[in-house]
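The residues making up each chain are set out below.
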Amino acid sequence: MLDFWFSWVILPLDSMMRLSTPLVLLALAGMFSERSGVVNIALEGKLLAAAFASASAAAVTGSAWIGLLAAIATTIMVAMLHGFATITHKGDQIVSGMAINILVAGITVILGRLWFNQGGQTPNLRGDARFQGIDFPGAAWIQENVPFVGSVYGEILSGHSVMLYLAYLMVPISWYVLFHTRFGLRLRAVGENPAAVDTAGISVVAMRYKALVVCGILAGFAGTYLAIGGNTAQFMPNMSAGKGYIALAALIFGKWRPVQAMMGCFLFGLLEAYAIRLQGVEIMGIGTVPVQFIEMVPYVLTVVLLAGFIGRANPPKSVGVPYSKERE
Amino acid sequence: MTDSYAIELQGIDKKFGDVHANKAIDLQVRKGSIHGIVGENGAGKSTLMSIIYGFYRADAGHIRINGKEVRINGSQDAIAAGIGMVHQHFMLVENFTVLENVMLGTEGGAALDKGKVAARAELERLERDYGLEVDPDAIIEELPVGLQQRVEILKALYRGAEILILDEPTGVLTPQETEHLFKILKALRDQGTTVILITHKLREIMAVTDHVSVMRQGGMVAHVDTVDTDRNALAELMVGRKVRFTVDRIAHDAGDVRLKVENLVVEREGVRLINDLSFEVRAGEILGVAGVSGNGQSLLMKVLAGIEGFTSGKITLNGHELLPTTTTSPLVVREMGVGHVPEDRHKMGLINKFDAKEAFIMGYHKSDKYNKGWLQDKKFIRQDTQEKMTTWDVRPDDPDLKTASFSGGNQQKIVIAREVEKNPDVFLVGQPTRGVDIGAIEFIHKRVMDMRNEGKAVLLVSVELDEIMSLSDRIVVMYAGNIVGELKAEAADEKTLGLMMANIMPDDVDTTVKESAHE
Amino acid sequence: MSSQRIPGWINYAVVPLANILMAFFVSALVFVYVGVDPIDAAKVMWEGAFGYSEGWGYTLYYATGFIFTGLAVSIAFHCQLFNIGGEGQAYFAGLGVALVSLYLGDVLPFWLMMPLLIIAAGLFGAGWAFIPAYLQAKRGSHIVITTIMFNFIAASIMAYFLVEVLKPPMSMAPESAVFPVSSWIPKMHDFLGAFGYEMTATPLNLTFIFGLICAVLVWFFLWNTRWGYEIRAQGFNPSAAKYAGIDPIKITLLTMAVSGMLAGFFALNTLSGDMHQLKLNYVAGFGFTGIAVSLMGRNHPVGIVLASILFGFLYQGGAELAFEFPGIDSKIIVVLQGLIILFSGALEYMFKPSIEKLYLKATGWRADKEEAQNA
């Protein structure tokens with residue numbers, strides 16, 4: 001019984017925490033950007049860029065924290081490029097987002113090959129170049145001595161890397177910033193009615209750029225976690241594998257609110273954890289599930305989410321529309 | 001002394017590409033007065049106000065506030081100079097509360113909650129002092145339009161506006177709400193605030209302003225004291241020639257019922273937006289539907305035109321019966337002999353990026369007339385369009401010109417021409433002269449009357465009471481999805497209609513809608 | 001507005017040219033960083049693509065693929081739909097082609113196989129676009145995300161089919177068996193050879209002609225039929241389209257079906273025309289490049305054909321480049337592609353005002369100081 005509990009509930013939930021982390025950060029990043037009116041199809045590219053930057057910087061300097069800084073700096077630059085195209089030049093937001101994704105996919109491999117000569121990967125990291133885990137106090141004792149629930153504390157909550165805890169901390173912080181600060185009020189206003197903000201004397205352009213910076217910072221965290229923050233210790237080409245888009249689906253599912261979006265990310269993480277768990281396992285009547293169908297799960301779920309639960313969620317009103325002062 | 005002028009403009013000039021929107025404008029507005037600015041659509045009033053408010057920057061000219069020259073490079077500067085603006089289309093965030101909207105931009109600190117306490121106190125004080133009561137925690141999209149406008153005014157006052165500019169404020173108000181607004185404006189004036197009222201409604205200029213400036217085609221053509229002028233004189237100044245305000249109506253008996261609506265109910269997401277409506281329109285008559293916008297008239301038009309479905313009831317269009325279950329579409333309705341001039345030509349009636357000939361076949365593009373087998377008969381389409389443009393005096397009469405390049409009046413002509421030329425028996429017309437200059441208004445009103453005189457059944461929806469009263473044979477008033485009353489045109493006046501539009505029944509009006517008594 | 005006085009060729013030729021030059025310029029910087037002289041690189045690419053008939057053959061072969069994926073994206077664009085799923089649609093169409101070829105190729109003659117292959121490719125491609133289209137039309141699900149997801153899903157499904165179903169026993173490679181000859185589309189050099197023209201052997205095949213025909217048909221479809229009229233109306237103004245009696249659901253489905261069908265034709269060029277087997281990831285990014293092609297071609301068939309040739313040049317030249325300079329990564333073409341999308345799609349208006357001003361100055365009109373676009 002205990003074995004079943006551990007193997008089929010605890011461990012998957014534990015995996016879920018880890019698998020959901022980059023999604024949560026990306027969903028929050030997307031939330032700030034979209035709430036200000038900028039559609040963020042470029043999350044995928046930002047993720048990949050951050051992953052590459054953090055892995056490279058950590059490999060070169062030997063410090064994971066410098067990797068994090070490098071990632072944030074990189075994603076802010078990418079965000080600025082995105083902003084330049086969509087805000088200043090009023091380019092189509094989706095097209096520019098796709099352009100960035102393609103650009104980043106290409107550049108990361110080119111630079112990777114050029115600098116590290118490992119076919120696009122960055123070197124495997126060790127020691128300080130990775131983030132260490134944090135064990136909660138008494139975790140081991142509690143897990144051993146408190147049945148069932150003990151392992152919730154010991155396995156699911158404790159023992160993850162520092163980055164993971166930082167990431168989940170971002171959820172309440174984001175909530176506070178969005179709903180209880182001046183910055184958040186103005187940001188949400190820009191997303192709903194930029195003209196109202198303009199006539200109140202606030203620069204719409206500046207607000208959107210700021211939103212993109214916040215988005216960039218969060219994406220930087222996401223990429224760092226993906227590459228060096230969890231169980232992986234390097235960058236591999238295209239390691240983002242669509243997470244940027246999946247995060248968007250979770251965001252839409254969560255109606256652009258921090259806690260609900262996080263729930264959406266958990267849903268993905270949990271399903272992926274179970275899918276991995278099912279690999280190679282015989283199911284009565286079906287046999288083993290082919291590995292290709294297991295790979296498909298997150299993508300199919302994204303489509304199901306977008307089609308099913310939501311119906312028509314209401315995005316911020318001005319999403320996707322570049323702001324220009326109307327003439328009559 | 002120049003410091004008796006709250007605002008003085010000297011030589012303000014502004015071009016957009018080739019369009020010379022403001023031509024060396026001079027203007028002097030005395031402190032503590034209500035100053036009206038009139039002009040047709042496109043005369044340049046809104047551009048001028050946008051310059052004063054910092055939305056645009058003038059190419060040349062000076063602005064003086066209380067005698068001091070100021071540079072207004074953005075709304076921040078305007079606000080700092082004591083200028084507040086109430087826009088025609090409200091600048092409100094719909095899902096925020098009143099308090100949040102008023103605070104936006106002057107929150108009083110990065111932490112919102114603290115700022116809210118102080119802001120609330122200040123807002124409540126302003127509401128009391130000026131008689132502009134509204135619940136600070138109400139959500140904007142749940143407020144009626146009149147109250148939303150109050151929030152706009154409060155926003156300006158909250159920022160210490162001494163000069164209040166209102167751009168076409170009464171378009172969305174009932175006559176009674178308009179009266180109330182004017183009371184507030186007069187109170188503001190008496191307390192020393194300067195009010196600039198931009199409008200094309202001459203009746204209002206006469207009612208509330210002290211001075212009037214008239215703009216025409218980008219330039220200022222006159223400054224007068226309101227007591228020294230009247231509607232006709234102003235209209236003449238606005239257009240540059242004498243203007244007729246009434247249309248010829250041939251008295252005749254209406255014919256058969258061409259449009260009949262019985263117990264129509266339209267529900268959306270559990271809310272009854274149209275509630276048990278019944279009326280009919282006969283051949284050769286115009287039924288005017290009055291009401292403040294948002295009371296179901298637009299939805300009614302869309303349902304009749306086949307764009308939206310309905311929940312229960314029966315519609316009979318030109319003898320064809322429509323039930324809620326009938327699959328309806330604008331194509332089907334058109335084939336029944338119905339023409340539809342939509343309320344919003346930009347959003348619905350035309351496609352800006354299409355050229356005129358493509359615009360002319362909208363809604364009829366599937367007909368055999370315009371198609372030869374798989375391909376469209378482009379030659380015929382162009383020829384057909386050219387003829388119609390000439391007949392209807394659409395300028396320039398170029399079928400290959402993009403619709404966006406035509407003026408508002410000409411665009412509306414295209415829409416009306418398109419529908420009329422199909423010779424429908426029933427004609428649904430919504431806000432036909434919105435955003436159209438006086439000259440074109442005359443033309444359009446005459447055409448609508450022609451339709452009626454030729455025996456068509458016309459349903460006219462409009463928020464302009466003048467239009468309703470001058471064109472309709474009978475008038476119904478809608479409020480909250482119901483018809484609250486029906487009048488013959490002769491019996492209607494602004495006061496009565498205004499009360500009905502606010503759902504206050506004057507004693508002498510028949511409030512039960514009679515089934516047709518004519519047999 | 002003054003855009004009336006700017007002739008069409010400014011928007012359709014000069015502005016795109018400026019965009020491409022900008023993209024090339026930025027790419028040149030990347031070349032320099034990697035340690036290659038961009039001029040040398042350009043020379044090698046040009047030689048490789050156009051310098052000899054073999055180069056031409058490859059260039060046009062690649063161009064054919066781009067024509068299909070570019071047309072696919074453009075049709076959707078005209079309805080304001082962003083079909084990023086060309087990659088998956090082309091990939092899935094390969095399944096249709098493979099099944100028809102393998103199971104009917106031994107039974108039916110060549111002249112019957114050809115139309116069947118076209119139908120199979122078009123049907124499978126359109127089918128793969130159908131679900132995202134339906135979800136967008138009926139449920140408002142963002143078509144960008146769903147089509148991207150379907151690309152991933154297609155990759156998994158095709159991998160499954162290749163490894164578990166179509167792979168011949170005893171084989172290790174994730175490839176199907178070789179298609180029967182009756183399903184092979186004739187190569188250009190063979191075709192021309194039959195008329196006495198000499199041409200080096202290249203993968204270029206008759207699908208190229210089919211591609212050009214499709215471009216012409218798309219032009220007619222969009223601007224000379226009522227369906228194209230409806231698609232464009234819906235794209236410009238959905239409310240007005242509704243008013244005009246256009247059913248948004250039907251038109252979305254139609255647009256995406258046609259789009260998917262065109263993407264599906266890609267399979268004909270690569271599989272029936274060259275590889276004669278279904279291979280893993282045979283689309284190799286051409287679906288995504290279709291986006292760049294469409295944007296650069298201003299979503300117009302003529303522009304798309306030209307842009308396809310340009311990209312064919314980039315691919316063939318790029319292959320030559322990788323051959324000559326082992327240090328160059330083929331990904332640099334991906335970077336160039338991204339830059340072109342960036343400049344042609346997102347920053348397309350960056351140069352427009354300046355170019356228009358220059359034009360106006362050059363033709364003697366007074367340059368206008370402020371367009372309504374500037375703050």
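Residues numbered from 1 in each chain as written. Chains lettered and ligands numbered in written order. Predicted model: local features only at pLDDT ≥ 70, side-chain atom pairs only at ≥ 80, totals over all residues. Heavy atoms only, no water.

A. Quick peek at helix α13 (residues 301-324) of chain C. Under the 1.5 Å per step criterion, the end-to-end length of α13 of chain C is 34 Å for 24 residues, consistent within 8% with the ideal 34 Å. With respect to burial, α13 of chain C is a largely interior element, 17 of its 24 residues being buried. (Helix = DSSP H or I, 4+ residues; strand = E, 2+ residues; numbered from the N terminus. Expected span 1.5 Å × (residues − 1). Buried < 20%, exposed > 50% of the residue type's maximum accessible area, 1.4 Å probe, protein only.)

B. Quick look at the sheet that holds strand β19 (residues 426-430) of chain B. Residues and elements named next belong to chain B. The sheet built from six strands is open, its strands ordered β16-β19-β20-β13-β21-β22 with mixed pairing. Two strands bound the open sheet, and with one partner strand each, they are β16 (338-341) and β22 (482-488). Sheet twist, expressed as the average angle between the axes of neighbouring strands with direction ignored, equals 15 degrees. Bridge count between strand β13 (residues 285-290) and strand β21 (residues 474-479): four bridges; the pairing is parallel. Across the sheet, valine 289 pairs through a bridge with valine 476, a residue of β21. Along the sheet, helix α14 (residues 408-421) makes contact with β16 and β19, crossing β16 at roughly 175 degrees. (Pairing = 2+ DSSP bridges. Axes fitted to C-alpha atoms, helices over the stretch in contact; angles between N-to-C directions. Contact = heavy atoms within 4.5 Å.)

C. Quick peek at empty space enclosed by the protein. Applying the stated rule across the entire model yields four cavities of 30 Å³ or more. Considering only enclosed or pocket space, the largest cavity measures out at about 120 Å³ in volume. Contributing to the lining of the largest cavity are 13 residues, with Thr199 of chain A together with Tyr53, Met85, Lys155 and Ala156 of chain B lying nearest its centre. Secondary-structure elements contributing two or more residues to the lining of the largest cavity are β6 (83-86) and α5 (145-158) of chain B. Of the residues that constitute the lining of the largest cavity, the class distribution is seven nonpolar, three polar and three charged. (1 Å grid on protein atoms, 1.4 Å probe; cavity = no way out; pocket = protein on both sides within 12 Å on 5 of 7 lines; lining within 4 Å. Points joined across faces, edges and corners; volume = space filled by probe spheres on them. Nonpolar A, V, L, I, M, F, W, Y, C, P; charged D, E, K, R; others polar.)

D. Structural context of the environment of glutamate 295 of chain A. Residues and elements named next belong to chain A. Among the structural elements, glutamate 295 can be located in helix α13 (residues 291-307). Residue glutamate 295 is classed as partly exposed on the basis of its relative accessible area of 44%. Measuring from C-alpha to C-alpha, the distance between glutamate 295 and threonine 86 comes to 34 Å, with 209 residues separating the pair along the chain.

E. How the structure looks around the interface of chain A and chain C. With 45 residues of chain A at the contact, the number on the chain C side is 44 residues. Approximately 3,900 Å² of surface area, both sides summed, lies buried where chain A meets chain C, with 79% of it carried by carbon and sulfur atoms. Connecting chain A to chain C are zero salt bridges. At the junction of chain A with chain C, the criterion picks out three residue pairs in polar contact (both at pLDDT 80 or more). It is helix α4 (residues 93-116) of chain A that provides the largest number of residues to the side of chain A that touches chain C, a total of 15 residues. Split into classes, the residues belonging to the side of chain A that touches chain C amount to 30 nonpolar, nine polar and six charged. (Buried area = accessible area lost by both parts, 1.4 Å probe. Salt bridge = Lys/Arg side-chain N within 4 Å of Asp/Glu carboxyl O. Polar contact = N/O pair within 3.5 Å; in protein donor to acceptor, adjacent residues only side chain to side chain.)

F. Examining the sheet that holds strand β14 (residues 312-317) of chain B more closely. All names here are of chain B. One open sheet accounts for four strands, arranged β12-β11-β14-β15; its pairing is antiparallel. Edge positions in the sheet fall to β12 (271-282) and β15 (320-322), since each has one partner strand and no second. If you compare each strand with its neighbour and ignore which way they point, the axes differ by 15 degrees on average. Relative to the sheet, helix α9 (residues 297-304) contacts β11 (257-268), β12 and β14, its axis offset from that of β11 by approximately 115 degrees.

G. Expanded view of a nonpolar patch on the surface. Taken together, the side chains of Trp374 and Leu375 of chain B together with Val216, Trp219 and Phe220 of chain C present a nonpolar region at the surface, about 520 Å² in accessible area. Residue placement: tryptophan 374 of chain B occurs in the loop between β17 (371-372) and β18 (375-376). With relative accessibility at 70%, the residue tryptophan 374 of chain B sits in the exposed group. (Patch = residues over 30% accessible without salt bridge, like charges linked within 9 Å, V, L, I, M, F, W, Y side chains within 5 Å. Areas by Shrake-Rupley, 256 points an atom, 1.4 Å probe, with all protein chains shown as cover.)

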